[in-house]
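This is what each chain is made of:
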Amino acid sequence: MTTSHAEHEKFIRRAIELSEKASIEYSTGGAFGAVIVRDGKIISEGMNRVVASHDPTWHGEMEAIRLACVTLKTFKLPDCTLYSSAEPCPMCLATCYWAGIKQVFYGATVEDAFQYGNFDDRPIYEQLALPKEQRSIQMTQILQEEAVEVWKKYQAKPDKVPY
């Protein structure tokens, strides 16, 4: 099914409406809203609730992806499109990859979010580009053998669900 330009605009406008509800009307978080669409129909919606929930991961895209997965009873969304009021942050973009989302449409850029809301994802992008030994969050590996034993059991488990 092909989605027309007018339909894309309709879905992105809904994401923008949700961003206004989150940031202006409800004050649950920043100006971020998102919808997941499949076959021309909205499957789920999400808005930023970081402030209200005291949860740094409760972004609009994350909520929309979680709800779409629950609604469709799956952990993969390959036939879905994400519409977001703003360019997804590194966490939300990574989640799109994990969920197998095929396409993302967005309104405001990362630069817009920084200019008008002081949301600065640049340090995260910079950190992710560094080797883990050089990142500001210290990464220390311990008990690898014990951890790998569980992985070996998982590998041998005949009824595991691949994803």
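Described in the following lines is the structure provided in the data block. (Residues numbered from 1 in each chain as written. Predicted model: local features only at pLDDT ≥ 70, side-chain atom pairs only at ≥ 80, totals over all residues. Heavy atoms only, no water.)

**A few points about the nonpolar core**
Counting residues in hydrophobic clusters, the biggest one holds twelve residues: Ala 34, Ile 36, Ala 64, Ile 65, Ala 68, Cys 69, Leu 77, Cys 80, Leu 82, Cys 96, Ala 99 and Ile 101. Contributions of two or more residues to this core are made by strand E1 (33–38), helix H3 (60–72), strand E3 (80–86) and helix H4 (90–99). Counting residues per element, this core draws most heavily on H3, which supplies four residues. Counting eight residues, the second-largest nonpolar core is a separate cluster that includes Ile 12, Ala 22, Val 35 and Tyr 83. (Core = buried A, V, L, I, M, F, W, Y, C linked by side-chain atoms within 4.5 Å. Buried < 20%, exposed > 50% of the residue type's maximum accessible area, 1.4 Å probe, protein only. Helix = DSSP H or I, 4+ residues; strand = E, 2+ residues; numbered from the N terminus.)

**Section: the packing of aromatic side chains**
Inspection of the entire model under this criterion finds four aromatic pairs. Look at Phe 11 and Tyr 83: their rings are 5.2 Å apart centre to centre, the planes differ by 50°, and that puts the pair in the tilted class. Taken together, the residues span a long stretch of sequence, with Phe 11 in helix H1 (residues 5–25) and Tyr 83 in strand E3 at a distance of 72 residues. For Tyr 83, a relative accessible area of 1% corresponds to the buried category. Aromatic side chains Phe 32 and Phe 119 sit 5.0 Å apart centroid to centroid with 85° between the ring planes, which places their arrangement in the edge-to-face category. You can see Phe 32 sitting in the loop between H1 and E1 and its partner Phe 119 sitting in the loop between helix H5 (110–117) and helix H6 (122–129), a full 87 residues away along the chain. On the basis of relative accessible area, Phe 119 is assigned to the partly exposed category, the value being 37%. We note Arg 122 situated over the ring of Phe 114; from NZ or CZ to the ring centre the distance is 4.0 Å. The ring of Tyr 154 has Lys 160 lying over it, and the distance from NZ or CZ to the ring centre is 5.4 Å. (Phe/Tyr/Trp six-rings, centres within 6.5 Å; stacked < 30°, edge-to-face > 60°. Lys NZ or Arg CZ within 6 Å of the ring centre and 35° of its normal.)

**As for the pairing of E3**
Counting buried positions along E3 yields seven of seven residues, so the element is predominantly enclosed. In the sheet, E1 pairs with E3 via five bridges, with the strands oriented antiparallel. Note that in E3 the partner of Arg 38 across the bridge is Cys 80. Sheet topology places E3 next to strand E4 (residues 103–108); five bridges connect them, and they run parallel. Note that in E4 the partner of Leu 82 across the bridge is Val 104. In the classification by handedness, the crossover that spans E3, the intervening H4 and the parallel E4 is right-handed. (Pairing = 2+ DSSP bridges. Right-handed = clockwise from strand over helix to strand, strands pointing away.)

Honestly, that's just the spatial picture; any functional story needs more than this.
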